[in-house]
Amino acid sequence: MKDVYTKTIYISTCSCLSNKREFPTFSRTIPSDFFQAKALAQLVKHFGWTWIGAVRADDEYGTFGVQSFTKEVVKHGVCIAFTENILSTYSRTAIVQIAETVKRTGVKVILAFASERDLYPLMQEIVRQNITGIQWIASEGWITAARPSTVEFFRSFGGTIGFATRKMAIPKFKDFLLKIRPSVDSANNLNNAFWEHIFGCTLRLKQEPFKQNVSETKTCTGEERLDEIENAFFDVSQLRGSYNVHNAVYAIAHALHGLLFCEKEENKTIKLCGDIARIEPRQFGEAVYFDENGDPPAAYDIINWQLNKGVVSHVTVGHFDTSPDGGSQLVIDEDSIVWSTGRELQVPAGVCSESCPPGTRRAARKGQPICCFDCIPCADGTIANTTGAAECMNCPQDYWSNDGKDSCIRRDTEFLSYYDAMGITLTTVSLFGLCLTVATISVFFSFRSTPIVKANNSELSSLLLFSLLLCFLCPLTFIGQPTAWSCMLRHTAFGITFALCISCVLGKTIVVVTAFRATLPSNNMAKNFGPVQQRIIVCSCTAMQVVICVLWLSLKPPFPDKNFKLSNKKIILECNTGSEIAFYAVLGYIGLLAATCLVLAFLARKLPDNFNEAKLITFSMLIFCAVWVTFIPAYVSSPGKYTVAVEIFAILSSTFGLFLCIFAPKCFIILLKPEKNTRKQIMGKIPSKRL
């Protein structure tokens with residue numbers, strides 16, 4: 001028989017009763033603990049509490065409530081420090097152990113999901129041990145309980161915050177109460193007792209016998225007015241459980257009425273049309289006040305324990321409501337909350353570890369929950385610009401972290417500039433060499449008819465001076481911010497001009513060697529090596545380098561690049577060689593020409609004339625090779641813009657070596673020792689025969 005009607009229990013909040021397979025006919029008048037747990041979880045999230053304890057009643061109410069709460073809060077990264085069970089029947093030893101757990105863990109926020117009857121013994125022990133400074137979160141089972149709401153308990157539980165079912169006024173209920181009147185039919189009537197209690201008097205009705213001591217108490221006439229009495233009994237705006245009972249009764253009454261009575265179509269008359277003896281639960285249909293689990297919409301008031309004029313008050317500081325679409329709304333007036341610390345506007349800190357400041361990130365402690373962590377600084381190049389960051393963010397490639405590791409700052413760019421002291425120095429040296437070359441060209445042109453100039457192969461010398469002029473200009477392409485054109489120009493110009501320069505030196509060396517061999521009997525080599533052959537050697541040797549550079553530019557040319565590896569705080573702007581094979585092929589080819597020239601000059605170093613050019617070429621090639629051999633390790637090991645400076649230094653050093661060794665002695669004789677600028681002095685004594 002129990003399944004043929006709907007059970008309504010006005011204080012049943014356990015979410016387990018929402019299981020329609022196990023309780024198909026159950027409908028509640030109070031929101032399920034599922035909604036309360038959801039509301040409590042949103043409250044915890046709202047105030048940023050991540051390290052809390054839990055005390056639950058050792059029954060379905062506490063078990064299912066804390067389970068639902070835990071399931072919700074873990075989504076927000078909240079950790080439960082401990083969970084203790086409590087019942088009113090527990091021994092004092094068990095109660096003391098729970099209180100010790102509260103003190104030992106040092107948790108500052110504790111949820112108590114229990115009824116007032118089960119929680120009261122623990123509350124007494126908390127007060128007895130003077131445990132204070134804890135922010136208690138209350139379930140609806142005890143948040144509005146009168147017994148612990150005293151000044152004595154407020155010392156430990158003041159500022160408690162929790163949820164209570166929404167208080168509402170039952171329509172017309174107050175009018176009904178004000179219409180209560182004494183009954184003349186029975187002296188022991190409930191209305192009469194109520195009347196005497198409210199007015200503090202004794203009713204004397206007409207049928208009552210005369211009482212001797214009636215004058216000792218105030219006599220009620222039955223005509224007193226209830227609307228003139230101020231009594232909490234008539235405050236129907238504070239009803240919580242009673243209002244839910246009222247809703248449940250009316251819901252079932254309307255359902256039964258709709259089930260048993262119907263309207264006759266002809267004259268719209270109402271008549272009994274259902275069989276009251278054969279009512280099935282499914283016949284009630286779906287009520288607008290319940291969801292598919294038979295749960296009504298959740299509507300809670302947020303209650304805060306405050307002390308006003310020596311009385312503990314349950315002050316409403318917000319509300320929580322659910323909507324039909326499954327959403328919810330939490331509204332809190334934080335300014336009106338009094339916390340456990342006794343101070344307003346200062347939310348207690350419910351954390352195991354304080355939030356990491358900007359510039360640091362959380363690092364989990366081994367063997368502890370994720371809410372307990374250490375704060376470690378972000379690594380270089382990463383930042384954390386928010387409080388409590390779990391991970392540090394990488395700065396964009398063109399940025400780097402500041403000293404505080406809380407913001408990214410743009411990296412400085414570095415390249416060899418014309419405004420740097422090093423750039424100015426190298427530019428000055430380059431221009432100085434350029435001026436010396438121009439001056440030498442002027443000297444050779446002015447003294448072109450002198451023996452020393454004529455004996456020096458004026459065509460090759462002029463071409464060599466021109467190539468040295470270009471070599472002194474090459475460093476200027478290495479200075480300044482790299483661009484696509486400057487990167488291609490600097491390497492190819494360097495390779496071609498030096499190839500031209502060494503080719504001219506090689507041509508001069510061959511001329512010297514052939515001239516020496518021509519002094520031997522029956523040697524016609526000099527006749528076979530005239531100006532045409534010299535031009536062919538210079539052009540062919542230079543053309544080979546041109547081909548290498550053209551292939552380099554066509555296949556994988558140099559390009560401007562940003563180097564982020566050499567410095568954390570700087571971007572090194574440099575020219576990427578593109579093809580390293582082509583780059584080393586250019587250097588290798590120049591080295592091959594220089595080595596060939598060195599070998600030939602070395603073979604002719606013992607020419608007997610007073611002005612032995614082969615020795616000068618040998619010295620110049622030794623300097624050239626020494627510079628470029630030492631250049632390679634210096635180039636590889638130099639950081640940033642110093643790489644470019646090393647390359648420029650190698651170019652200038654080798655160019656000055658060639659210039660000073662080959663042309664400085666000639667200019668010295670032309671300008672300072674003109675008496676030696678004669679054919680006799682140039683040729684000296686030549687033996688008649690040489691083996």
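Cut-off values and rules
Residues numbered from 1 in each chain as written. Predicted model: local features only at pLDDT ≥ 70, side-chain atom pairs only at ≥ 80, totals over all residues. Heavy atoms only, no water. Helix = DSSP H or I, 4+ residues; strand = E, 2+ residues; numbered from the N terminus. Expected span 1.5 Å × (residues − 1). Buried < 20%, exposed > 50% of the residue type's maximum accessible area, 1.4 Å probe, protein only. Patch = residues over 30% accessible without salt bridge, like charges linked within 9 Å, V, L, I, M, F, W, Y side chains within 5 Å. Areas by Shrake-Rupley, 256 points an atom, 1.4 Å probe, with all protein chains shown as cover. Salt bridge = Lys/Arg side-chain N within 4 Å of Asp/Glu carboxyl O. Core = buried A, V, L, I, M, F, W, Y, C linked by side-chain atoms within 4.5 Å. Disulfide = S-S within 2.5 Å. Axes fitted to C-alpha atoms, helices over the stretch in contact; angles between N-to-C directions. Parallel < 35°, antiparallel > 145°, perpendicular 65-115°, else oblique. Left-handed = near helix turned anticlockwise from the far one by under 90°. Contact = heavy atoms within 4.5 Å. Polar contact = N/O pair within 3.5 Å; in protein donor to acceptor, adjacent residues only side chain to side chain. Pairing = 2+ DSSP bridges. Right-handed = clockwise from strand over helix to strand, strands pointing away. pLDDT = per-residue confidence, 0-100. Phe/Tyr/Trp six-rings, centres within 6.5 Å; stacked < 30°, edge-to-face > 60°. Lys NZ or Arg CZ within 6 Å of the ring centre and 35° of its normal.

If you check helix α14 (residues 531-555), its first and last C-alpha atoms are 36 Å apart, about what 25 residues at 1.5 Å a residue would give, namely 36 Å. Listed as buried for α14 are Gln534, Ile537, Val538, Cys541, Thr542, Gln545, Ile548, Cys549 and Trp552.

Before going further, it helps to examine unusual backbone geometry. Of note in this structure, lysine 309 is not a glycine but carries a positive phi near 55°. The topology assignment puts lysine 309 in the loop between β12 (299-308) and β13 (311-322). Unlike most non-glycine residues, lysine 405 shows phi in positive territory, near 60°. Structurally, the position occupied by lysine 405 is in the loop between β19 (399-401) and β20 (408-410). The exposure class assigned to lysine 405 is buried, which follows from its relative accessible area of 15%.

Residues Phe447, Phe668, Leu671 and Leu672 make up a contiguous nonpolar surface patch of about 390 Å² in total accessible area. Residue leucine 672 is classed as exposed on the basis of its relative accessible area of 57%.

Attention shifts here to the nonpolar core. Counting 68 residues, the largest nonpolar core has Phe494, Met621, Phe624, Trp628 and Leu658 as its most contacted members. If you tally residues by element for this core, the top one is helix α12 (residues 484-518), at twelve residues. Among the nonpolar cores identified, the runner-up in size contains 35 residues, and Ala57, Phe82, Val107 and Trp136 belong to it.

This next bit is on the pattern of salt bridges. If you walk through the whole model with that rule in mind, you get 13 salt bridges. Between lysine 75 and glutamate 72 there is a salt bridge, and its shortest N-O distance comes to 3.7 Å. Close ionic contact of arginine 117 with aspartate 118 constitutes a salt bridge, the shortest N to O distance being 4.0 Å. Judged by its relative accessible area of 2%, aspartate 118 falls in the buried class. Taken together, the salt bridges that share partners define one network made up of Arg92, Glu125 and Arg128.

Our next topic: the state of the cysteines. Applying the stated rule across the entire model yields six disulfides. A sulfur-sulfur separation of 2.1 Å characterises the disulfide bridge that pairs cysteine 79 with cysteine 371. For the disulfide bridge between cysteine 79 and cysteine 371, the dihedral angle about the S-S bond is near 90°, and by the sign convention the bridge is right-handed. Taken together, the residues span a long stretch of sequence, with cysteine 79 in strand β4 (residues 79-86) and cysteine 371 in the loop between β15 (360-364) and β16 (373-377) at a distance of 292 residues. Summary of cysteine pairing: cysteine 597 is not part of a disulfide, and the nearest cysteine sulfur, belonging to cysteine 625, is at 8.8 Å.

Right, let's talk about the packing of helix α9 (residues 421-446) against helix α18 (residues 664-672) for a bit. In the contact formed by α9 and α18, the axes pass within 11 Å of each other and the chain directions differ by 55°. Looking at the two axes, α9 sits oblique to α18. The interaxial crossing formed by α9 with α18 has left-handed handedness. Where α9 approaches α18, its residues Thr440, Val443 and Phe444 are matched on the opposing element by Lys666, Cys667, Ile670 and Leu671.

Another aspect to go through is the environment of serine 68. Relative to the helices and strands, serine 68 resides in helix α2 (residues 60-73). Serine 68 gets classed as buried once you look at its relative accessible area, which sits at 16%. Separated by 27 residues in the primary sequence, serine 68 and alanine 41 have C-alpha atoms spaced 9.3 Å apart. Only 3.0 Å separates the side chain of serine 68 from the backbone oxygen of phenylalanine 64, close enough to count as a polar contact.

Moving on, we get to the environment of glycine 404. By the secondary structure assignment, glycine 404 is in the loop between β19 and β20. Here glycine 404 falls in the partly exposed class, since its relative accessible area comes to 41%. Through-space distance from the C-alpha of glycine 404 to that of proline 377 is 8.8 Å; in sequence the pair is 27 residues apart. Once residues within four sequence positions are removed from consideration, glycine 404 is found in contact with Pro358 and Gly359.

Summarising the sheet, strand β3 (residues 51-57) and β4 pair through six bridges and their orientation is parallel. Bridging across to β4, valine 55 finds its partner in glutamate 84. Handedness of the crossover joining β3 and β4 through α2: right-handed.

The next thing to look at is the confidence of the model for the protein. In the predicted model, the protein carries a mean pLDDT of 79, and the fraction of residues at 70 or more is 73%. Across the protein, strand β5 (residues 109-113) holds the top mean pLDDT of 95, while strand β1 (residues 7-9) sits lowest at 45. Below a pLDDT of 50 lies the segment residues 1-8, which in the model reaches 17 contacts outside its immediate sequence neighbourhood of four places, other chains included. When the criterion is pLDDT under 50, residues 685-691 qualifies, and its contacts beyond four places in sequence or with other chains add up to five contacts.

Attention shifts here to the packing of aromatic side chains. Considering all chains together, one arrives at 23 aromatic pairs under this definition. Taking 5.0 Å as the distance between ring centres and 50° as the angle between the ring planes, the aromatic pair formed by tyrosine 61 and phenylalanine 113 counts as tilted. Of this pair, tyrosine 61 sits in helix α2 while phenylalanine 113 sits in strand β5, and the two are 52 residues apart along the sequence. Since its relative accessible area comes to 14%, tyrosine 61 is described here as buried. Since its relative accessible area comes to 0%, phenylalanine 113 is described here as buried. With a centroid separation of 5.0 Å and an interplanar angle of 35°, the aromatic rings of tryptophan 136 and phenylalanine 157 are classed as tilted. With tryptophan 136 in strand β6 (residues 135-138) and phenylalanine 157 in helix α5 (residues 151-157), the pair connects residues that are 21 residues apart, well separated along the chain. One exposure class covers both tryptophan 136 and phenylalanine 157, and it is buried. Through pairs of rings, three or more aromatic residues link up here, namely Tyr120, Trp136, Trp142, Phe153, Phe157 and Trp305. The ring of tyrosine 120 carries the charged tip of arginine 147 above its face, separated from the ring centre by 3.8 Å.

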